[in-house]
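As a plain string of letters, each chain reads:
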Amino acid sequence: MSIERVDAVVVGAGFTGLSAAQELSRAGRSFVVLEARDRVGGRVEARANGLGEAIDTGGQFLCEDMPELMALVQARGKTLVEAHVDGEFITQPPLPGDEAERTYLGAMAIRERMNGIEPHDPAIAGMTVAAWLERQVDPADAKAGFRSMIEGLWCQALEKIPLWHLIDNDRRITNEQSELQYFLAETMQSLADDLARDLGGRLRLNSAVMGIEHAPGGVRVVAGGRVFEARSVLVAVPPMMASKLVFSPPLPDRLSRALGVWHSGVVIKILVRYARAFWRDRGLSGMVMWRSLPGLFACDVSKDEVHPALVVFIGGPLALRWGGLDDAALRTEVMSRLVAAIGPEAGEVLDFSFRSWIDDAWSGGAYSDLILDVHATDAEDVLLAGAPPVHFASSELSPSFPGYIEGAIVAGRIGGRKVLADLQETT
Ligand SMILES: Cc1cc2nc3c(=O)[nH]c(=O)nc-3n(C[C@H](O)[C@H](O)[C@H](O)COP(=O)(O)OP(=O)(O)OC[C@H]3O[C@@H](n4cnc5c(N)ncnc54)[C@H](O)[C@@H]3O)c2cc1C
């Protein structure tokens, strides 16, 4: 096999890897981006629905409190679509208006109280979110609302999530606007495609990296039938996927332990296309939260008047339960819930498309990986330190908006700068 020599290798062409590549490119360094799939974007993905329309089957939403992503959207001339939120928000089983509001505020109060705790307070050492919730004296409805909110957003059972980790993570998600404020008419994947276009031949698709070897003066990486030698490598994949790479010689124990404590969330994303946004005629926003099925949530993602649609997310333990169903049974479960919530017209669909991210070959799952070892309080810092010239970056490791596209951009830039620092040292 012939050897290609470059300054740096970036493993993974999600928003983290693409953003790191931008940094390297700006600095005039030679590099390749090795991507396992036949496309870029990673957990941002667009597919055609049954009507031939491109739909976001992965990361989609953004809001004006996410500065890096908003700037990129603007720089690339994308069209922001404001999500429709006017109208009544439905809870299932139904609650009278003021009680629904009270339950929501109760759930938010629990979240704020949780975030007021210092993540490294010894009093919560070893405690899961579920164990902490159990000790709270809030009304049962507020606690159920909190569970639904957290399991829907982090896609893991509260029984598994360390309390310190959720607090530490949630404190970095600082948006005041709803995170569902906007999406892109052209799809979020189109933004990743734009970034990929800038890379030209430096992007290598269908190039899965299985291992990274130390070599004189840097690393050797084999992918897509080629060998790359570089002075530095950025592993821009989710921590759980990084834990599957074989390092030779092995990574220091601390680092391989730190990689091993992350687990992917589980989510199924569904897009239901309608002929009319019938819910709006009835004063409904299209937003539904199922109190009895934590992790199930729907909202309006109509791109315009002629593309009325609802998106339904199934996250956490419910995704694991329904993920085991065949396609027809999954559709029945979801459609029966939508009909019960917003009426019989919800059953008259033009298209029902879904994407399961459970055990995804190259993402592991979604929306993000979480640390599920209550004692692994240093795992993130250890990963961020890496083992130069091997560095790690992914949305999960971002100082702002971990688990979001915004976080991936920030993490990618930081990772890119670490690689550049290595290169400067060895020049
Ligand atoms: C269904 C769903 C909905 C979401 N909704 C939103 C949303 O609305 N808003 C939001 O901000 N975020 C959302 N997210 C989260 C967001 O998409 C991710 O946080 C972000 O895209 C992660 O980017 P990343 O580059 O860190 O990781 P990834 O996107 O996972 O990129 C890693 C890349 O590495 C590649 N790779 C993995 N292993 C290897 C290997 N061994 N060799 C080579 N390549 C490899 C993968 O194929 C992938 O392309 C959603 C995610 C999902 C799945």
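It should be noted that the structure appears before, not after, this text.
Since the model is a prediction, treat every value here as computed from it, not as a measurement. (Residues numbered from 1 in each chain as written. Predicted model: local features only at pLDDT ≥ 70, side-chain atom pairs only at ≥ 80, totals over all residues. Heavy atoms only, no water.)

**Student:** Break down the overall build of the protein chain for me, with residues and values.
**Tutor:** Of regular secondary structure, the protein chain possesses 14 helices and 20 strands. For the protein chain, whose C-alpha radius of gyration is 22 Å, the value lies close to the compact-globule estimate of 22 Å for 427 residues. Taking the principal axes of the C-alpha coordinates as reference, the protein chain spans close to 70 × 55 × 40 Å. A total of about 17400 Å² of accessible surface is found on the protein chain, and carbon and sulfur atoms cover 53% of it. Averaging the positions of the 41 positive and the 57 negative side-chain charges in the protein chain gives two centres separated by 5 Å. (Helix = DSSP H or I, 4+ residues; strand = E, 2+ residues; numbered from the N terminus. Rg over C-alpha atoms; globule rule 2.2 N^0.38 Å. Areas by Shrake-Rupley, 256 points an atom, 1.4 Å probe, with all protein chains shown as cover. Lys, Arg positive; Asp, Glu negative; His and termini not counted. Charge placed at Lys NZ, Arg CZ, Asp CG, Glu CD.)

**Student:** I'd like a description of the pairing of strand 15 (residues 284-290), backed by residues and values.
**Tutor:** Counting buried residues along strand 15, seven of its seven residues qualify, which places the element largely inside the surrounding structure. Bridge count for strand 6 (residues 88-92) against strand 15 is four bridges, and the pairing is parallel. Pairing of Gln-92 across the sheet is with Trp-290, part of strand 15. If you look at the hairpin formed by strand 15 and strand 16 (residues 296-300), you'll find five residues sitting between the two strands, and Gly-295 has a positive phi there, around 100°. (Buried < 20%, exposed > 50% of the residue type's maximum accessible area, 1.4 Å probe, protein only. Pairing = 2+ DSSP bridges.)

**Student:** Outline the nonpolar core, supporting the account with residue identities and numerical values.
**Tutor:** Val-9, Phe-15, Leu-62, Phe-146, Leu-163, Ile-212 and Phe-392 are the most contacted members of the largest nonpolar core, which totals 96 residues. Val-9 has contacts with Val-32, Leu-34, Val-221, Phe-228, Ala-230, Ser-232, Val-233 and Leu-234, leaving out every residue within four places of it along the chain. (Core = buried A, V, L, I, M, F, W, Y, C linked by side-chain atoms within 4.5 Å. Contact = heavy atoms within 4.5 Å.)

**Student:** Lay out the sheet that holds strand 17 (residues 309-315) in plain terms, naming residues and giving numbers.
**Tutor:** Taken together, six strands build an open sheet; the order of strands is 6-15-16-17-14-18 and the sheet is mixed. The open sheet terminates on both sides in strands that have one partner only, identified here as strand 6 and strand 18 (351-356). Direction aside, neighbouring strands of the sheet carry axes that sit 15° apart on average. Relative to strand 16, strand 15 runs antiparallel, the two sharing two bridges. Along strand 16, the bridge assignment pairs Val-288 with Ala-298. Seen against the sheet, helix 12 (residues 327-342) touches strand 6, strand 14 (267-273), strand 15, strand 16, strand 17 and strand 18 and runs at an angle of roughly 115° to strand 17. (Axes fitted to C-alpha atoms, helices over the stretch in contact; angles between N-to-C directions.)

**Student:** Hey, could you go over the packing of helix 3 (residues 97-115) against helix 6 (residues 163-170) for me, with residue numbers and the actual values?
**Tutor:** The contact between helix 3 and helix 6 brings their axes to 9 Å, and the two run at 100°. For the element pair helix 3 / helix 6, the angle class is roughly perpendicular. Between helix 3 and helix 6, the residues in contact are Arg-111, Met-114 and Asn-115 and Leu-163, Leu-166, Ile-167 and Asp-170, respectively. Residues of the contact of helix 3 with helix 6, tallied by class, amount to four nonpolar, one polar and two charged. (Parallel < 35°, antiparallel > 145°, perpendicular 65-115°, else oblique. Nonpolar A, V, L, I, M, F, W, Y, C, P; charged D, E, K, R; others polar.)

**Student:** Can you explain the packing of aromatic side chains? Please cite residues and give values.
**Tutor:** With the rule as written, the count across this model stands at eight aromatic pairs. A network of ring pairs unites the aromatic residues Tyr-274, Phe-278 and Trp-279 as a single cluster. Above the ring of Trp-357, the side-chain terminus of Arg-355 is found at 3.7 Å from the ring centroid. (Phe/Tyr/Trp six-rings, centres within 6.5 Å; stacked < 30°, edge-to-face > 60°. Lys NZ or Arg CZ within 6 Å of the ring centre and 35° of its normal.)

**Student:** Can you lay out the site of the ligand for me, pointing to particular residues and giving the numbers?
**Tutor:** Taken together, 37 residues form the shell around the ligand, and within it Thr-16, Glu-35, Arg-43, Phe-61 and Val-209 come nearest. Look at the ligand: alone it shows 1000 Å² of surface, and the protein chains cover 97% of it. If you list the elements that add at least two residues to the shell around the ligand, you get helix 1 (15-26) and helix 14 (405-426). (Near = heavy atom within 4 Å.)

**Student:** So what's going on with the environment of Gly-364? Residues and values would help.
**Tutor:** Position of Gly-364 among the secondary structure elements: in the loop between strand 18 and strand 19 (369-371). It is 8.7 Å that separates the C-alpha atoms of Gly-364 and Val-266, two residues lying 98 residues apart in sequence. Setting aside chain neighbours within four positions, we find Gly-364 in contact with Met-240, Met-241, Ser-264, Trp-357, Ile-358 and Asp-359.

**Student:** So what's going on with the side chain of Lys-269? Which residues, and what values?
**Tutor:** By the element assignment, Lys-269 lies in strand 14. Buried charged residue Lys-269 carries no salt bridge. Nearest counter-charge: Asp-56, at 5.9 Å. A polar contact of 2.7 Å, which involves the side chain of Lys-269, links it to the side chain of Gln-60. Not counting the four nearest positions on each side in its chain, Lys-269 is found in contact with Asp-56, Thr-57, Gly-58, Gln-60, Val-311, Val-312, Phe-313, Ser-353, Phe-354 and Arg-355. (Salt bridge = Lys/Arg side-chain N within 4 Å of Asp/Glu carboxyl O. Polar contact = N/O pair within 3.5 Å; in protein donor to acceptor, adjacent residues only side chain to side chain.)

**Student:** Tell me what's going on with helix 6, and back it up with residues and numbers.
**Tutor:** In terms of burial, helix 6 is a largely internal element, seven of the eight residues being buried. Contact partners of the buried residues in helix 6: helix 3, helix 4 (129-134), helix 5 (140-154), strand 13 (262-264) and strand 19.

**Student:** Lay out unusual backbone geometry with the relevant residues and their values.
**Tutor:** Between Gln-92 and Pro-93 the backbone carries a cis peptide bond, its omega angle lying at -10°. Take Pro-93: it is sitting in the loop between strand 6 and helix 3. Following Ala-366, the chain continues to Tyr-367 via a peptide bond in cis, the omega torsion being -5°. Relative to the helices and strands, Tyr-367 resides in the loop between strand 18 and strand 19. The phi dihedral of Asp-359 falls on the positive side, at around 55°, and the residue is not glycine. Relative to the assigned elements, Asp-359 resides in the loop between strand 18 and strand 19. Take Asp-359: its relative accessible area is 65%, and that puts it in the exposed class. The backbone phi angle of Phe-401 is positive, close to 50°, even though this residue is not glycine.

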